[in-house]
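# Chains, contacts and geometry: an overview
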Amino acid sequence: NNNNNNNNPLDHLALAESIQREFNSVYRDVLLDEYCADREHDVEDFMKRVPIVGMGHSLGARIQAVSCSHPNVSDKYLSMGKGRRRIRSGRDGMIYLGFANWGASSSIPGVESLERTVRKRR
């Protein structure tokens, strides 16, 4: 049942959509209003010129990854524009932070095979 998923606090897709909607509102209502209020023609230049970098730690990193990779979020919420024109899409960079009490090979799946691949290429 789809309604049960919407009530799940760990529904990463729903969290990503909600967070991205909130970011877009803040971007539009605060940043653009603050920096472009007196210069309507500068909005497009501001949107193209000022980078947007996603950053998250732990669950926040996972939500950022879902935002950028899941088509339901990236296609719908990562594009910004004016009217029907798309001015920018996606992020200019991503920063993912995470901490573990174990070594990388124990806490990150695939690190051992990545290390073997890197050694072979040397």
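Placed above this text is the structure.
Everything numeric here is computed off the predicted structure, so don't read it as measured data.

Parameters at a glance
- Residues numbered from 1 in each chain as written.
- Predicted model: local features only at pLDDT ≥ 70, side-chain atom pairs only at ≥ 80, totals over all residues.
- Heavy atoms only, no water.
- Helix = DSSP H or I, 4+ residues; strand = E, 2+ residues; numbered from the N terminus.
- Rg over C-alpha atoms; globule rule 2.2 N^0.38 Å.
- Buried < 20%, exposed > 50% of the residue type's maximum accessible area, 1.4 Å probe, protein only.
- Core = buried A, V, L, I, M, F, W, Y, C linked by side-chain atoms within 4.5 Å.
- Contact = heavy atoms within 4.5 Å.
- Polar contact = N/O pair within 3.5 Å; in protein donor to acceptor, adjacent residues only side chain to side chain.
- Patch = residues over 30% accessible without salt bridge, like charges linked within 9 Å, V, L, I, M, F, W, Y side chains within 5 Å.
- Areas by Shrake-Rupley, 256 points an atom, 1.4 Å probe, with all protein chains shown as cover.
- Salt bridge = Lys/Arg side-chain N within 4 Å of Asp/Glu carboxyl O.

## Some remarks on the overall build of the protein chain
Per the secondary structure count, the protein chain includes 7 helices and 4 strands. Along the chain direction, N to C, the helices and strands of the protein chain fall in the order α-α-α-β-α-α-β-β-β-α-α. Against the 2.2 N^0.38 benchmark of 14 Å for 122 residues, the protein chain shows a C-alpha radius of gyration of 19 Å, more extended than a compact globule. Looking at the protein chain as a whole, 22% of its 122 residues qualify as buried.

## Some details on the environment of Ile19
Residue position: Ile19 is located in helix α2 (residues 12-36). Of the residues examined, Ile19 reaches a relative accessible area of 42% and is grouped as partly exposed. The spacing of Ile19 and Ser107 is 88 residues in sequence and 27 Å in space, taken between C-alpha atoms.

## Re the nonpolar core
Within the largest apolar cluster, 9 residues are counted, these being Tyr27, Leu32, Cys36, Val43, Phe46, Met47, Ile52, Met80 and Ile87. Residue assignment for this core shows that the elements contributing at least two residues are α2 and α3 (43-49). For Ile52, the residues in contact, after removing those within four places along its chain, are Phe23, Tyr27, Met80, Arg88, Arg91, Asp92 and Gly93.

## Considerations on helix α4 (residues 59-69)
Every buried residue of α4 is accounted for by Ala61, Ile63, Gln64, Val66 and Ser67. Contacts made by the buried residues of α4 are with α2, β1 (53-57), α5 (71-77) and β4 (93-97).

## Here we look at the side chain of Gln20
Secondary-structure assignment places Gln20 in helix α2. A distance of 2.9 Å separates the side chain of Gln20 from the side chain of Arg91, its partner in a polar contact. Beyond its immediate stretch of four places on either side in the chain, Gln20 contacts Ser67, Val73, Tyr77, Leu78 and Arg91.

## Observations concerning a nonpolar patch on the surface
A cluster of nonpolar residues, Val53, Met55, Ile95, Leu97 and Phe99, forms a patch on the protein surface that exposes about 530 Å² of accessible area. Counting only elements with at least two residues in the nonpolar patch, the list comes to β1 and β4. Tracing the sequence through the fold places Met55 in strand β1. In this structure Met55 comes out as exposed when scored by relative accessible area, which is 56%.

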